[in-house]
Amino acid sequence: TPGTMSGSGSEKPQPNQAEEDRQQEAEQDWAAAKAFYDDLVTKRPRPPKPQNAITVAVSSRALFDLVEEQRIYEEQGLEKYVEYQQNNENVTLKPGPAFYFVKALEHVNSRLLELYPEDEERFDIVLMTNNHAQVGVRLINSINHYGLTIERFCMTGGQSPIGYLTAYLTNLYLSADSEKVQEAIKAGIASATMFTANKDVTYSDVQLRVAFDGDAVIFSDESEQIVKEHGLDRFFEHEQLHENKPLAQGPLKGFLEDLGKLQKKFYAKNERLNCPIRTYLVTARSAASSGARVLKTLRSWGVEVDEALFLAGAPKGPILVKIRPHIFFDDQMFHIEGAQKLGTIAAHVPYGVAQKHSKST
């Protein structure tokens with residue numbers, strides 16, 4: 001469900017009359033806007049309605065390398081920061097940790113538009129930044145320099161972005177600010193803190209590759225709680241005993257579902273072998289002792305992953321080097337750091353019991 005972490009089996013509250021009226025008015029607004037847009041002559045596809053799109057909101061520090069600019073802000077204050085950005089409006093920003101992920105999303109969109117020119121079920125990338133509007137020109141110039149299609153901007157001038165994330169029915173929010181990410185997770189929005197890789201590697205420009213940890217990312221943290229409280233042997237016993245009971249969902253389950261829906265659109269056009277999306281489960285679980293419950297849970301949800309890698313406690317970094325994902329989601333900072341060292345762009349999901357044991361987010 002867009003904008004929430006509720007799964008297909010959850011009960012939705014019935015909307016009251018006021019909410020129904022508000023939704024009807026919003027639909028009329030969208031219909032009027034579409035009619036106006038359709039009268040204009042343009043080759044650009046109209047941005048999709050948030051209800052139909054898979055909305056990915058990225059912050060400016062996730063999309064671009066703003067390390068130097070952030071240092072100026074922290075050391076010299078807001079006015080000097082804004083002045084620096086305006087003085088450098090025509091200096092193109094370098095790519096940040098989410099840049100190649102966004103490029104890969106746009107490649108998927110271009111393939112979808114070839115196959116389904118009238119369909120709005122595709123990625124909509126929104127720049128969600130707490131920058132002030134005066135910084136917007138540099139961001140726009142950089143986006144145009146790289147040929148990115150990011151039409152929607154929310155520049156909140158230092159205010160929390162959560163209200164805007166909710167209004168856009170955001171399916172995934174990526175930021176370099178761990179506090180905002182934690183706020184978004186608490187609001188029920190799938191979210192992660194982006195970390196730049198320590199090495200430059202090449203990424204596929206024809207296939208979006210997304211790697212997920214399992215527990216506390218796709219699934220809830222119930223199993224991790226048992227490991228922390230009772231140890232590994234008790235965890236193995238528990239997982240085998242509950243092999244046929246699906247795990248509860250975690251914060252990124254909805255985004256994995258969204259990717260699966262888009263994959264099926266390619267399969268329907270006989271493009272399975274040429275699909276521009278590939279998903280990976282990369283888990284520290286061991287297959288024989290605790291793998292069956294994971295695979296049966298995915299099956300019960302009707303969700304597929306292309307590859308499942310059970311590492312039995314081995315480090316994830318070397319495997320991720322082989323996969324070269326555009327993004328890797330994990331809830332444990334030591335896995336994030338290990339991935340970073342070997343050149344993987346990693347995103348920390350601040351969810352579940354592991355956060356109480358983590359010194360850094």
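Heads up: the structure comes first, above all this text.
Read on for a plain summary of the structure.

Rules used throughout
Residues numbered from 1 in each chain as written. Predicted model: local features only at pLDDT ≥ 70, side-chain atom pairs only at ≥ 80, totals over all residues. Heavy atoms only, no water. Helix = DSSP H or I, 4+ residues; strand = E, 2+ residues; numbered from the N terminus. Buried < 20%, exposed > 50% of the residue type's maximum accessible area, 1.4 Å probe, protein only. Contact = heavy atoms within 4.5 Å. Polar contact = N/O pair within 3.5 Å; in protein donor to acceptor, adjacent residues only side chain to side chain. Pairing = 2+ DSSP bridges. Axes fitted to C-alpha atoms, helices over the stretch in contact; angles between N-to-C directions. Salt bridge = Lys/Arg side-chain N within 4 Å of Asp/Glu carboxyl O.

A closer look at the environment of aspartate 306
And step 1. Secondary-structure assignment places aspartate 306 in the loop between helix H12 (287–301) and strand S8 (307–310).
And step 2. A relative accessible area of 28% means that aspartate 306 is categorised as partly exposed.
And step 3. Along the sequence, aspartate 306 and threonine 279 sit 27 residues apart, while their C-alpha atoms lie 5.2 Å from each other.
And step 4. In this structure aspartate 306 touches Gln263, Tyr267, Ile277, Arg278 and Thr279, once residues within four positions along its chain are discounted.
And step 5. Within the local environment of aspartate 306, its side chain forms a polar contact with the backbone nitrogen of threonine 279, the two atoms lying 2.8 Å apart.

Examining the sheet that holds strand S3 (residues 152–155)
And step 1. With mixed pairing, the 10 strands of this open sheet are ordered in space as S3-S2-S1-S4-S5-S10-S9-S6-S7-S8. The open sheet is flanked by S3 and S8, the only strands paired with a single partner. Neighbour-to-neighbour, the strand axes of this sheet turn through a mean angle of 25 degrees, independent of strand direction.
And step 2. Inspection of the sheet shows strand S1 (residues 54–58) paired to strand S4 (residues 172–175) by three bridges, in the parallel sense.

Quick word on the pairing of strand S5 (residues 191–195)
And step 1. Most of S5 is tucked away, with five of its five residues classed as buried.
And step 2. In S5, alternate side chains face the same way, and those of Ser191, Thr193 and Phe195 on one face and Ala192 and Met194 on the other are all buried.
And step 3. The pairing of S4 with S5 spans three bridges and is classified as parallel. The residue bridging tyrosine 173 from the neighbouring strand is serine 191, located in S5.
And step 4. The pairing of S5 with strand S10 (residues 346–348) spans three bridges and is classified as antiparallel. By the bridge assignment for S10, phenylalanine 195 is matched with alanine 346.

Digging into the pattern of salt bridges
Here the idea is simple: oppositely charged side chains can pair when their charged atoms come close.
And step 1. Evaluation of the coordinates by the stated rule reveals 15 salt bridges.
And step 2. With a closest N to O distance of 3.0 Å, aspartate 213 and lysine 316 form a salt bridge. Note that aspartate 213 is positioned in the loop between strand S6 (208–212) and helix H9 (222–230) and lysine 316 in the loop between S8 and helix H13 (317–323), a separation of 103 residues in sequence.
And step 3. You can call lysine 316 buried: its relative accessible area is 2%.
And step 4. Through salt bridges with shared partners, one network takes in Glu68, Arg71 and Glu75.

Scope: geometric values only; no functional claims are made or implied.
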